[in-house]
Amino acid sequence: MHDFIVVGSGSGGGSLAYYLTKGGAKVLLIEAGKMYRKDTFPKSEADTSAQLYWGGGIEFDKDARMGFLRTKMVGGSSIVYQCLMDRFDDIAFNDWKSESGVDWFNNQDMAPHYDAVESDMLLHTFVESERNGNARLFVDACDKLDYKWGALRRGQGDCGADKGNDCLACLGGCHRDSKQSSLVAFIQKGEKLGLEIQTEVEIGQIESNKDSVTIKGINNGKPISFQGKKVILCGGSFGSTKMMLQSGYKSKLPALGNNFASHPQFMWFGLQKEKVDAHKLMFQSVASKDPNFRKQGFKLENVFAPPISIAMLYTIYGAKHQQYMKRYRHMQCIEVAIRDENNGTIQIDNKGKLIVTKRFTDSDMLKKSKGLEVIKNILSTSGAEEVFESSLYFGLHLMGGCVMGIDPNKSVVNPDFQVHGESNLYIADSSIYPNAPGINPGLTIKSLGHRLAQQLIK
Ligand SMILES: Cc1cc2nc3c(=O)[nH]c(=O)nc-3n(C[C@H](O)[C@H](O)[C@H](O)COP(=O)(O)OP(=O)(O)OC[C@H]3O[C@@H](n4cnc5c(N)ncnc54)[C@H](O)[C@@H]3O)c2cc1C
């Protein structure tokens, strides 16, 4: 029997499985998706959506208003993420602590875990020469308007930007093993130490026994089961919550499926007379770092996307759409991500289908409008000839559903990551986030994995 079975191999599961294996344990990592490597990731944008995402692309909330991006493969969402690695600030940890009652939610207690994870990743802070046209327009306008901005820190090795390689392609998996996904930074290293990986198994049922946990799933249409001394769910906000709901935990833990948040993102485009080439080089190298924006609950990022995604974001039709798309190289793009309230819910219907409800509160709407006002100022200061707001918006940072806390009536896992009332079942991914930090979540998810691994190995 394995000492530990980790279910889900994304940001949380990848780092946890690696640190447990490194600590000498016998570990099995189970993943619903396939294993892709640097030379087998899909080569086109359309194949990326169809092959790497749950549901073959975007999933929507119950009202079909908000889109969610969630991937299914070894490495999880870390395969497609931008790998911007930020530690939380005191604001984020204090809010977590007051919501959950967990006293180690602070920068001092988390520092050793951040340090350990950062030392296992190649990290790079962008310099001026790496800014593309979109970033330069953003920086110049922010300086004129006296908005504070800063260079982003990304997990990457050699991206080959100086050899003409554009990093937009790595949104479908990095073909150079440069981007520090969980696959590159942890799982591939874990394999060398004896980490076992079972792919294409979707776990649906969890049964806790006295000294072990049995998990049951489907592999290529056939039932399959595993038994581990301890099982840790790392299926992400939707995945772990769904496994827990399917296994009947809602009757014991009323908070299961609650407190969902996702940092909703809204994108605006400015059409410039000159070419911007926002798809070139490091397409995301700067972001707002303005304490006033942080206080008001939003941040801006200098983002872009490949042509099919941009075509979808331009929600107009026919000749007008064609005219805009012909100006792809002239597009300047900025997104606002809001620190939304955690009022969403994750449920399943009687066929086991996920139902996600996410409605904006008045305070969320205020954050959005304040952010969009700032974007409008930046675009007009940059001299955009025309401005376009996409009516579609997305959640890329899926958080909550199995939140951590001291009260079993308001949370699902205790401060030791154990499901309340269970001694061998744990959760360690973004589903345990008590609320939205308003900061990129990936580094903290990995660091929580390190914390739990240390605790379990001890
Ligand atoms: C396009 C994009 C860009 C992003 N950019 C950044 C960024 O720059 N910085 C940052 O910090 N964050 C970023 N994020 C967010 C970040 O990727 C996620 O917050 C993080 O990866 C979540 O980690 P996780 O372990 O909770 O879940 P995931 O990484 O989603 O991993 C969950 C894994 O569990 C598997 N799974 C689910 N259910 C089951 C089941 N029943 N059985 C077996 N396996 C299962 C899934 O297939 C998946 O592989 C981005 C996200 C996206 C989509």
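Residues numbered from 1 in each chain as written. Predicted model: local features only at pLDDT ≥ 70, side-chain atom pairs only at ≥ 80, totals over all residues. Heavy atoms only, no water.

**A few points about the site of the ligand**
Put simply, the rule is: Only heavy atoms are used to decide nearness, and a residue is near a molecule or strand if one of them lies within 4 Å of it. Whenever two N or O atoms come within 3.5 Å, that pair is a polar contact, provided that in protein one can donate a hydrogen and the other can accept it, and provided that, for residues adjacent in sequence, both atoms are side-chain atoms. Accessible areas in this description were obtained via Shrake-Rupley with a 1.4 Å probe; residue shielding takes into account the shown protein chains only. Comment: elements are numbered from the N terminus, with helices defined as DSSP H or I runs of at least four residues and strands as E runs of at least two. Here the term charged refers only to Asp, Glu, Lys and Arg, the term nonpolar to Ala, Val, Leu, Ile, Met, Phe, Trp, Tyr, Cys and Pro, and the term polar to all other amino acids, Gly among them.
Around the ligand, 37 residues are found, and the nearest of them are Ser11, Glu31, Ser77, Ser430 and Gly442. At 3.1 Å from an oxygen atom of the ligand is found a main-chain nitrogen or oxygen belonging to Cys83. Protein chains bury 95% of the 1,000 Å² of accessible surface belonging to the ligand in isolation. Where the shell around the ligand is concerned, the elements lending two or more residues are helix H1 (11-22), strand E9 (201-208), helix H7 (236-246) and helix H12 (442-457). Residues belonging to the shell around the ligand are distributed by class as follows: 16 nonpolar, 17 polar and four charged.

**Concerning the domain arrangement of the protein**
By a widespread convention, an interface's size corresponds to the accessible area lost as its parts come together. The cut-off we apply is this: Boundary definitions for the domains trace back to an automatic or database domain assignment. When checking whether two residues touch, look at their non-hydrogen atoms; a contact exists if any pair is within 4.5 Å. Joining two parts hides part of their accessible area as seen by a 1.4 Å probe, and the buried area is that hidden amount summed over both. Here, a salt bridge means any side-chain nitrogen of Lys or Arg that lies within 4 Å of a carboxyl oxygen of Asp or Glu.
Here the protein is described as being made up of domain 1 (1-36 + 73-81 + 86-120 + 181-262 + 397-458) and domain 2 (126-169 + 263-344 + 354-394). The C-alpha-based centres of domain 1 and domain 2 are spaced at 30 Å. Contact with domain 1, which involves 24 residues of that partner, is made by 17 residues of domain 2. Roughly 1,700 Å² of surface becomes buried between domain 1 and domain 2 when both sides are summed, with 45% attributable to carbon and sulfur atoms. Looking at the side of domain 1 facing domain 2, the largest losses of area belong to Phe260, Ser262 and Gly438, adding up to 30% of the total buried there. Joining domain 1 to domain 2, the criterion identifies three salt bridges. Put simply, Arg153 and Glu118 hold a salt bridge, and the shortest N to O gap is 2.8 Å. If you look at where domain 1 meets domain 2, you find 13 residue pairs in polar contact (both at pLDDT 80 or more).

**Regarding the packing of aromatic side chains**
Each aromatic ring pair is described using two quantities: the centre-to-centre distance and the angle formed by the ring planes. Formally: Ring geometry is summarised as follows: Phe, Tyr and Trp rings, the Trp one being its six-membered ring, pair when their centres sit within 6.5 Å, and such pairs are stacked at plane angles under 30 degrees, edge-to-face over 60 and tilted between the two. Residue burial is assigned from relative accessible area. The probe radius is 1.4 Å, only protein chains are included, and a residue is buried under 20% of its type maximum, exposed over 50%, and partly exposed in between. For a lysine, the NZ atom is tested; for an arginine, the CZ atom; a charge sits over a ring if that atom is within 6 Å of the ring centre and within 35 degrees of the ring normal.
Counted under the stated rule, the structure contains 26 aromatic pairs. Where Phe266 meets Tyr393, the ring centres are 5.1 Å apart and the plane angle is 35°; that geometry is what we call tilted. Here Tyr393 lies in strand E18 (residues 386-395) and Phe266 lies in strand E12 (residues 265-271), a separation of 127 residues in the sequence. When sorted by exposure, Phe266 lands in the same class as Tyr393, which is buried. Lys72 extends its terminal NZ or CZ atom over the ring of Trp54, reaching a point 4.4 Å from the ring centre. The ring of Trp104 is capped by Arg451, whose NZ or CZ atom sits 3.8 Å from the centre of that ring.

**Notes on the pairing of strand E16 (residues 345-348)**
As a reminder, the rule being used: Pairing between strands requires that DSSP locate at least two bridges from one strand to the other.
When E16 meets strand E17 (residues 354-357), the two strands line up antiparallel, connected through four bridges. Looking across to E17, one finds that Gln347 is bridged to Ile355. Counted between consecutive antiparallel strands, the loop separating E16 from E17 contains five residues, among which Gly352 sits at a positive phi close to 85°.

**Here's the deal with empty space enclosed by the protein**
Counted only if it meets this: Here a cavity denotes grid points, spaced 1 Å and computed from the protein atoms alone, that fit a 1.4 Å probe unable to get out, and a pocket denotes an open set having protein on both sides within 12 Å along at least 5 of 7 lines; residues with an atom within 4 Å of a point are the lining. Grid points are joined across faces, edges and corners, and a volume is the space filled by probe spheres set on the points.
Within the structure shown, the criterion is met by one cavity of 30 Å³ or more. The space that makes up the largest cavity amounts to roughly 40 Å³. Among the residues forming the lining of the largest cavity, the class breakdown is five nonpolar, one polar and two charged.

**Here's the deal with the packing of helix H5 (residues 133-145) against helix H11 (residues 362-381)**
Definition in use: The axes used here are C-alpha line fits, helices contributing only the stretch in contact, and every angle between their N-to-C directions lies in the interval 0 to 180 degrees. Here roughly perpendicular refers to angles of 65 to 115 degrees, roughly parallel to angles under 35, roughly antiparallel to angles over 145, and oblique to all remaining angles.
Interaxial distance between H5 and H11 falls to 9 Å at its minimum, and their mutual angle equals 105°. The angle between the axes of H5 and H11 places the two elements in the roughly perpendicular class. Contacts between H5 and H11 involve Phe138, Ala141, Cys142, Lys144 and Leu145 from the first element and Asn377, Ile378 and Thr381 from the second. Among the residues forming the contact of H5 with H11, the class breakdown is five nonpolar, two polar and one charged.

**Details of the layout of surface pockets**
A volume near 420 Å³ is recorded for the second largest pocket. Secondary structure elements with two or more residues in the lining of the second largest pocket: strand E13 (286-288), helix H8 (291-296), strand E14 (298-301) and strand E15 (331-338). With three residues, the top contributor of residues to the lining of the second largest pocket is E14.

**Focus: helix H10 (residues 318-326)**
Along an α-helix, residues three or four positions apart point the same way, because every turn accommodates 3.6 residues. The line we're drawing: The arc in question is the one spanned by the directions pointing from the helix axis to the C-beta atoms.
Here H10 has its buried residues at His321, Tyr324 and Met325. Viewed end-on, H10 has its buried residues packed into an arc of 95°, placing them on one side of the element. The exposed residues of H10 that point more than 90 degrees off its buried face are Ala319, Gln323 and Lys326. Tucked inside the fold, the buried residues of H10 contact E12, helix H9 (307-313), E15 and E18.

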